[in-house]
Every structure is written in structure tokens, then in C-alpha cells.
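So the chains spell out like this:
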Amino acid sequence: MATTTPPTVLHLSLIVGGTLRDRNGGRLGSVDDLIVHLGEDYPPVTGVLARVAGRQVFVPASELAEIGHARVEMVSDRLDLQPFERREGEVLLRKDVLDRQLINIDGARLVRANEIEIARIEGWYRVVGVDTGLRGIVRRVVPRRVGTNMPPGAFLDWASVEAFTGHVPTVRLRIPHPKLARLHPAQLADLVEAASHNEGREIMTAVGDDSELEADVYEELDAQHRREFVEERPDQEVAHLLERMEPDDAVDLLGDLPDERREDVVRLLPPVQRRRVRALAGYDPATAGGLMSPEFVCLYAQASKAEAIERIERSRAPADTLAWVYVMNLDRRLKGAIALADLLRAPSDGKMGDVATFLPPRVSAEAGLEEVARLMTDYDLTVVPVVDERDQIMGVVSVDDVLEMVLPRGWRRRFDVLGAD
Amino acid sequence: MAGRVSALRAFRHRLLRGRSDGAPRGPLSRGTARLLAVIGFLGPGLIAANAGNDAGGIATYSSVGARYGFDLLWMMVVITASLIVVQEMAARMGAVTGKGLAELIREQYGVRWSLFATTSVLIANVGICISEFVGIGAALGLAGIPAQVSVPVAAIGVWLLLIRGSYKVAERIFVLMTITFFAYPIAAILARPDWGSVGHSIVAPSIHDSRAYLFLFIATAGTTITPFMQLYVQSAVVERGVGVDELNMERAEVTSGSIFANLVAMFIIIATGATLYLHGEHNISTASQAAKALEPFAGQYAEVLFAVGLLGASLLAAAILPVTAAYVIAETFGFEKGISRRIHEAPVFVAVITALILIGTVVAIIPGIPVIALLVGVQVVNGALLPVLLIFIWRLASDRELMGDYRNGRFFNVIAGLTVVATSALSITLLAVTIGAPFL
């Protein structure tokens, strides 16, 4: 923890509430707040928010000559009344930073800004540190005159501090937190757990620019927080995250999702990952359950051919699993199947129950790879449906998934060398 | 005092380094989790809600029943409504902002207001802490053990439990002991009160023009809507990571917990009203007198039953209060909290906890203290300080910038406003009466 004691340290709480004066010392108004531009190690003061004749006005840094306790002096004697508008990367020190939590990067801890220290370095006023101790509180509680005479104490170097800005109301004001990258994923996870939900989300968002780091932080988070954050992310992002996680952690994360979302997310994973996740989630990769794809088209026996075609058109399932279309009865039991080509040739006024006369062989999720392969060979099928104990279809295994598994290892390697997927 | 349910949970979380022991993990589906939550909340939840009826609460409700019979029952209905509204605001703020109340006051109103709020909460907390140790002394006093022996031993035990952090098992035992207070509804029924006049008292307010009535009124408000517990309803919501999507579940819990705990409180009043009041014992001054309300149910064992319940409730609160105080101080002054959650890693924590236990012990072993008067007196202080915190809760919960679409609706603002105005008026009246004439 770097601590410095430069000669002239100004305290924010003593600057705020002071008077704004023109070049000749004439009183113009009172100082409400200081505006700084975050992003640098020592953020420069870019302006003063003042109250002049009951109106809030903005005085840019270029108009300021000197900032001191109880008085801020302007360069000119003319006040150009500008209403305040937040600009990108700017925060109000008193409103947005003072009294709030900050991240002390060196200690990987959350601290509270009891006082903000400002000093003139390299020609201009900059935030140099933050007092997190009792002294800062005492100075603000005692009468102003006493506070002014209190000697400055040690404080935390701003270069190792990161402020939360999520509560700053400007729309889409997104200040990067570059210092966070210096922390270990486990430390970041600890911070997220200790911070409020919104502050935690800010850390997670900042970390999100580096997807490897983000995945690492998720792996370190406790279940409660992991659930909080993963729930509010869209499926695509969750899948993206899962790809970068260790499979067992990925399964944990998946477990944090509501039931109805899990399958949607798994579907978005690349095949290898998907199989691994499924395997860990309970299915052996060499079984029908581990191999199956949840994407298929299955209609009620009462559906018309036109409805079937429409469903196929809307389906996002890969072409190979759509080679067969399935039919179920009102109990959702698998009742028949029809090859896509046969469906197209079927009379257009036919009901699915009448045209899908083939009763397909089916397997349970526990069925082994060999059983699936044998069924495919015996029945000349490219797709085999997987059903649960109630004979309801859960997914389909297509021949390419099986081939991938039964192909001798050496063959596959040669394939890789040839540059095929 | 349903808030203690959440307070307990928050406390347990913290001792466990913020990891939830009971929270369903991984493969448990949302439906299962909800079912578990409902079961957990109907069983132990309600028992814990009742545990909030602590030493001060028992003393106050007993005094109310003995002094005025059923006359103040109507007030419990009003206070329950206020309690629900106040706790809902606290829970909502916790869910929306993800921050504790002390933290929000600090961020929104600055150091001075924050110190003001903290000081008033601390004064109330010190008072309650004293009352819990007095309760321990009184409970064991019924077994013939003098407070000068029992209280220091209990204090050392509580201190060790907190510092060693092996509080979990002890907490369960304490909570189980308070189940004995379920004897009150049975005793109340067995005492065959005139249910017609009970019902009449609930719907028809009767107001006495006396100082004692005012004191008991404020004490009842103070012990039912304890200031510190509002802080901890909010902290518990934050700690459990309750989001706005789970707010309705939280509302249901807050509402049913408040109603349940206050029902038990009303039965305490009915039980004492149907016994002590009818027998002409209008002024309770000892625990043994208060225990008589249980006689219709327990007969000669009334004192044992009362002692066990009082001991459990007092120990439970005696262990929670110092920690809650330490958290308020940490949030206000920005001392380290959260990451190093273990108590022994934080010197400020140990100092605050030790100080509170010490103060409680020292006061409780003073020979010949008027036990019941002191317990009720502490609740009067609580009630008098209540408006301070309520005003903050009210204002924060209606802050548009902070709460957005979740700020108070008009209906809420009216009830919350009425609660604030009523408690403030009572406090000011109390102040006027106290200054105008000597206390009691």
C-alpha cells in the first residue's frame, strides 16, 4: 500500500462548500462539486460544479486559476453561465465517489472513501488519493475551522484505487477499469462476493473484455453469486463463457441456470464441448444420451403435411438430424417416423399419423454406442431417436455423431492432418 | 419481531464466511429450491420469528396485559401493519440497491447524518443488549441462581461462542428453547378469556389518559418495530443476494413473519390479561410474577417453562446484538468488512462485541435492579429513537434516483408516513412528559 504525504494536500470535503471567486476576489457563488476525468492514474479536475444565484453552473478547468480550501478562484472576472452536462468518463467527486466503496487494488479489498485528497501535480489539480481511515471522518464531522487546521494524514494512493461508476446516471457511461487486470481471478471473485450486486456486476462487466479472465473469475465465484450473474446473461453469452471453462466448472455453471435454459445453452456449444458437458452432466459420452442432439422435428399425428413442412422450415436443427420427421400421439409417445423425402412425396392433404407409418427402432439414453451403431446398420437409418421411460422422444443421434466415435483413432488423426474439421 | 429471522440468517451467513449452508446448489431445480424455501420458512422460519420476542418483548407484552388487560390489543394490529410496511421497504431497498441501510444513509446523506443514525441505533442496541443480559439473569434467577453468578458465566460463554465462531449449534439450541413460548397461546385459551371482549378490544381502540399508558404504548412500538432489526432485514436480503425478481417471495416472508410473531405477542397480552390483570396484579415487577400467566397451561411448572423460554430468547439476542452493532459501525465508518469476514481478523469487531457484552453484564449484575421496569424502560428508549431510522427508511425508499421504478407507491407512502408521524408524535410527547415530570 503506497502512501505519500505531498506538501499541499487538499481535502475534497473542505473544497466543496467553499466560495467561487473571480480574479479580483469577488464572490460569485458556492462550490458544489468537483468534476474529474477518470481513467488516468491521477485523474485531473476538469471543472467545478458551482451554485450561482440559485442555479447550478459548470465552470471548466480552463476558467479556473486556483483551487483551495474554502475558495476556488477563476481566471477571469466574468462568469460564462454554462449548464452542467456529464461528458464521457467524467464523474462528480462528491456525489459519485465520496462516501462510496472503492477497490483497493494492492490489497484486493473494498474500502470506503472517507475523504478524497487532491493536490497540484504537474501544473494542475489531480486526485492523488483517498483517505479510508478515521481521520477523514473526524475532519468532516468537526466544525470547518477545526477541520482545516487538522494535519493531513496518510492516505491510499489513487494509482492503486479503482472507483465504481455504475451508479453514475449518465447513459452508457462506461469507464474502463484497467487496474482490475492486475488482480488474480480468485481476488476478483472475492471482491465481487464482497461488493453489492451492482458493484459486482460492474467488476464482472469490466472483466468481460477478457473472456479467458472472465471464465476464470466465474470458476472462482461461490454458487450464489455465480447464479446471480449467469442468470442475467443471454444464452449466447453463457455458451461463450462455458466454452472457456473447465468442463466440470462448466457443468456447475450450467446447474445454476434455470431448467428451461440449460438445454438451450448446451445446444449453442460446439459439438466437442457439448459432448463433454453432457458427459459430466450425467451421460456417458459413449451412450445415446451423450451423443444425442436435442434438435429434431416431432409432430402430433393430427398435424397436416403443410404444418410439418412449416416446422421444418422454421427449425434451426442441422440438416442431418432432419432427415427423419417423427410423429407422436396425444400422450407425446413416439408413434411413427417418415423420411424427409417421403414426406415431400406424400399427398398434400394427408395427416402425419397416416403418412408416417414406419415404426422406428428407438433407444434409451443409456444405450451404448454399439447398440446405436447396430440399429443404424440393421435398419439402414441415418438417425435414431432416443426416448425416455415414457417413450417420449428426448433427442436424436445422427450417423455422423456415431461415425466420429466408432472411427478408429488413427483414421481420425489423418483426417485432422488433411485439414478437415 | 420477524426481522430477527432474517437477522439470524444474515448472521449465520457471516459467520460462515458468507457461504450459504442451506442454499440449494447446482442440480437442484428452481421448483425444488422454492419448495425447500417454503418448507424452511413454514417450520424453522416461524419458530425463529417467534424467537424475536425477546426478554424486552416478553416483559413489555406481559406488562401491557397485566396493566391494561386487553385494552391495548388494538394497537398490536396497527403496529403489525406498520411493521410490515417498514420491513417491506427495508427488504425492497436491499433487493434493489444491494446495499445495507447504514451504507445507503452514508452514501446518500453523508458522514454527519450517518453518524446521527448510527449513534441512535447504537444507543438502542446498548439498551437492548443490557436488557438481554438482565433477561438471562432473571431467567436463571427463577432457578435460584443469583444474577451475579449466572450473568458473567453466560457472558463469557456468549463471548467465546462469537469469537470462536462456533455459534451455529448453540443458536439452534437457543431457538429451540424459545419454542416454550408457544405455551402462551395455549395458556391464553385455557385461561378462558372473554373472547367477546378480546375481539372488541382489537377493533375498538381504548385510550387511557395517563403517563403509564404512553410509556407502555411507546415501549410496545419500540419492541415490536425494533430499530436495529430494520437494518438487518435489509442486510439479510443483501447477504442472500435476493434480486428484485424474488421480491414477492421476500414480501410474503416479511408479512407472514410479522403477523406470526405479533400473534404470539398478542397471545402473551391475552394470557396475562386473562390471569394477572383479572386477579388484580396490575404491576409486574419480577419474572416470577410474569410467569404466572402460563399457569393455566403449565400449573406449577409455569415458572420453569417461562424461565427456559426467557433464557433461550435472551441468549439468542445477546449473541446477535453485539454482532449487529459491529456491522453497523463497520458500514458507517468504512471499516473493513466482507472480505475478511472472520470476526477474529477484525479488531474493531472484537472491540465492539466485547464492549457491548461487558456493558450488558455490568448493568445486569447490579444487585436489586428492578428487572421488569428496566426491560420495559429500554423498549421505551427504543420506541423513542424509532422515528430517526424510520424517516431515513421512508425517504430512501421513495428516492426516485436510488429506487427507480421500485420506489414507494402512493399507498405505501401514506402508511409509512403515518407510521413516521405517529411514532414521532409519541416520541415528542414522551420527551415533553419526561422533561415536564420525573421519570416513572
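Right, let's walk through the structure included here. (Residues numbered from 1 in each chain as written. Chains lettered and ligands numbered in written order. Predicted model: local features only at pLDDT ≥ 70, side-chain atom pairs only at ≥ 80, totals over all residues. Heavy atoms only, no water.)

1. What about the overall build of chain B?
Stage number 1. Secondary structure assignment for chain B yields 20 helices and 0 strands.
Stage number 2. A total of 440 residues make up chain B; the buried ones form 60% of that total.
Stage number 3. Long-range contacts, defined as pairs at least 24 residues apart, comprise 85% of the intrachain contacts of chain B with a sequence gap of at least 6.
Stage number 4. As displayed, chain B has an accessible area near 16500 Å², and 68% of this comes from carbon and sulfur atoms. (Helix = DSSP H or I, 4+ residues; strand = E, 2+ residues; numbered from the N terminus. Buried < 20%, exposed > 50% of the residue type's maximum accessible area, 1.4 Å probe, protein only. Contact = heavy atoms within 4.5 Å. Areas by Shrake-Rupley, 256 points an atom, 1.4 Å probe, with all protein chains shown as cover.)

2. Concerning the pattern of salt bridges
Stage number 1. Following the criterion strictly, the structure yields 25 salt bridges over all chains and no others.
Stage number 2. A salt bridge links A:E212 to A:R244, with the nearest nitrogen and oxygen atoms 3.9 Å apart. With A:E212 in helix α7 (residues 211-220) and A:R244 in the loop between α9 (235-243) and α10 (247-256), this pair connects stretches of sequence that are 32 residues apart.
Stage number 3. Between A:E237 and A:R233 there is a salt bridge, with its nearest N and O atoms 2.7 Å apart.
Stage number 4. According to the relative accessible area criterion, A:R233 is buried, its value standing at 18%.
Stage number 5. It is possible to trace a salt-bridge network through shared partners that takes in A:R100, A:R112, A:E199, B:K99, B:E103 and B:E107. (Salt bridge = Lys/Arg side-chain N within 4 Å of Asp/Glu carboxyl O.)

3. What about the sheet that holds strand β11 (residues 115-121) of chain A?
Backbone-to-backbone hydrogen bonds join strands into a sheet, with any given pair of strands oriented parallel or antiparallel.
Residue and element names in this part refer to chain A.
Stage number 1. Spatially, β1-β11-β12-β13 is the arrangement adopted by the 4 strands of the open sheet, whose pairing is antiparallel. On the outer flanks of this sheet lie β1 (10-11) and β13 (156-157), each paired with one strand and no other.
Stage number 2. The sheet contact formed by β11 and strand β12 (residues 124-131) spans 7 bridges and is antiparallel. Directly across from A119, in β12, lies its bridge partner R126.
Stage number 3. On the sheet, helix α3 (residues 134-141) packs against β1, β11 and β12 and is oriented at approximately 95° with respect to β11. (Pairing = 2+ DSSP bridges. Axes fitted to C-alpha atoms, helices over the stretch in contact; angles between N-to-C directions.)

4. Here we look at helix α7 (residues 147-164) of chain B
Stage number 1. The end-to-end C-alpha separation of α7(B) is 25 Å, in line with the 26 Å expected for 18 residues at 1.5 Å each.
Stage number 2. When we look at burial in α7(B), the residues that qualify are B:A147, B:S150, B:V151, B:A154, B:A155, B:V158, B:L161, B:L162 and B:I163. (Expected span 1.5 Å × (residues − 1).)

5. A short note on a negative patch on the surface
Residue and element names in this part refer to chain A.
Stage number 1. Taken together, the side chains of D190, D209, D210, D216, E220 and E246 define an acidic patch exposed on the protein surface.
Stage number 2. Its location among the elements puts E246 in the loop between α9 and α10.
Stage number 3. By relative accessible area, E246 is classed as partly exposed at 47%. (Patch = residues over 30% accessible without salt bridge, like charges linked within 9 Å, V, L, I, M, F, W, Y side chains within 5 Å. Lys, Arg positive; Asp, Glu negative; His and termini not counted. Charge placed at Lys NZ, Arg CZ, Asp CG, Glu CD.)

6. Some thoughts on the interface of chain A and chain B
Stage number 1. Each partner contributes residues to the interface: chain A has 34 residues there, and chain B has 35 residues.
Stage number 2. Taken over both partners, the interface formed by chain A and chain B buries close to 2700 Å², and the fraction arising from carbon and sulfur atoms is 42%.
Stage number 3. Along the contact surface separating chain A from chain B lie 6 salt bridges.
Stage number 4. Notably, a salt bridge pairs B:E103 with A:R112, separated by 2.8 Å at the nearest N-O pair.
Stage number 5. For the pair chain A and chain B, the interface holds 10 residue pairs in polar contact (both at pLDDT 80 or more).
Stage number 6. Of all the secondary-structure elements, those providing two or more residues to the side of chain A that touches chain B are β10 (109-112), α3, α5 (185-194), α6 (197-207), α8 (223-231), α10 and α11 (259-267) of chain A.
Stage number 7. If one sorts the elements of the side of chain A that touches chain B by residue count, α8(A) sits on top with 5 residues.
Stage number 8. Per-class residue counts for the side of chain A that touches chain B are 10 nonpolar, 8 polar and 16 charged. (Buried area = accessible area lost by both parts, 1.4 Å probe. Polar contact = N/O pair within 3.5 Å; in protein donor to acceptor, adjacent residues only side chain to side chain. Nonpolar A, V, L, I, M, F, W, Y, C, P; charged D, E, K, R; others polar.)

7. Notes on the environment of A:V59
Residue and element names in this part refer to chain A.
Stage number 1. Mapped onto the fold, V59 is located in strand β5 (residues 55-60).
Stage number 2. Its relative accessible area of 2% is what places V59 among the buried residues.
Stage number 3. Taking the C-alpha atoms as reference points, V59 and G47, separated by 12 residues in sequence, lie 5.4 Å from one another.
Stage number 4. Contacts of V59, omitting those with residues within four sequence positions, involve L20, G47, V48, L64, M74 and L79.

8. Overview of the packing of helix α17 (residues 369-379) of chain A against helix α18 (residues 399-406) of chain A
Angle between the axes and distance between the axes are the two parameters that describe a pair of packed helices.
All names here are of chain A.
Stage number 1. Packing of α17 against α18 brings their axes to within 10 Å, and their N-to-C directions diverge by 125°. With respect to α18, the element α17 is oriented oblique. In this structure, α17 meets α18 at a crossing whose hand is left-handed. Together, L369, V372, A373 and M376 of α17 and V399, V402, M405 and V406 of α18 make up the contact between the two elements. (Parallel < 35°, antiparallel > 145°, perpendicular 65-115°, else oblique. Left-handed = near helix turned anticlockwise from the far one by under 90°.)

9. Section: the environment of A:G17
Residues and elements named next belong to chain A.
Stage number 1. When you line up the elements, G17 lands in the loop between α1 (12-15) and β2 (19-21).
Stage number 2. Separated by 34 residues in the primary sequence, G17 and R51 place their C-alpha atoms 9.8 Å from one another.
Stage number 3. In this view, G17 contacts V31 and R144; residues no more than four positions away in its chain are not counted.

10. Things to note about the nonpolar core
Stage number 1. B:M93, B:L101, B:F133, B:Y184, B:L231 and B:F306 are the most contacted members of the largest nonpolar core, which has 130 residues in total.
Stage number 2. Looking at this core, the element that brings in the most residues is helix α16 (residues 302-333) of chain B, giving 20 residues.
Stage number 3. When near neighbours in sequence (up to four residues on either side) are disregarded, B:F133 contacts B:V151, B:A155, B:A318, B:I357, B:G360, B:T361 and B:A364.
Stage number 4. Grouped together as the second largest cluster of nonpolar side chains are 38 residues, A:L10, A:V91, A:L98 and A:L156 included. (Core = buried A, V, L, I, M, F, W, Y, C linked by side-chain atoms within 4.5 Å.)

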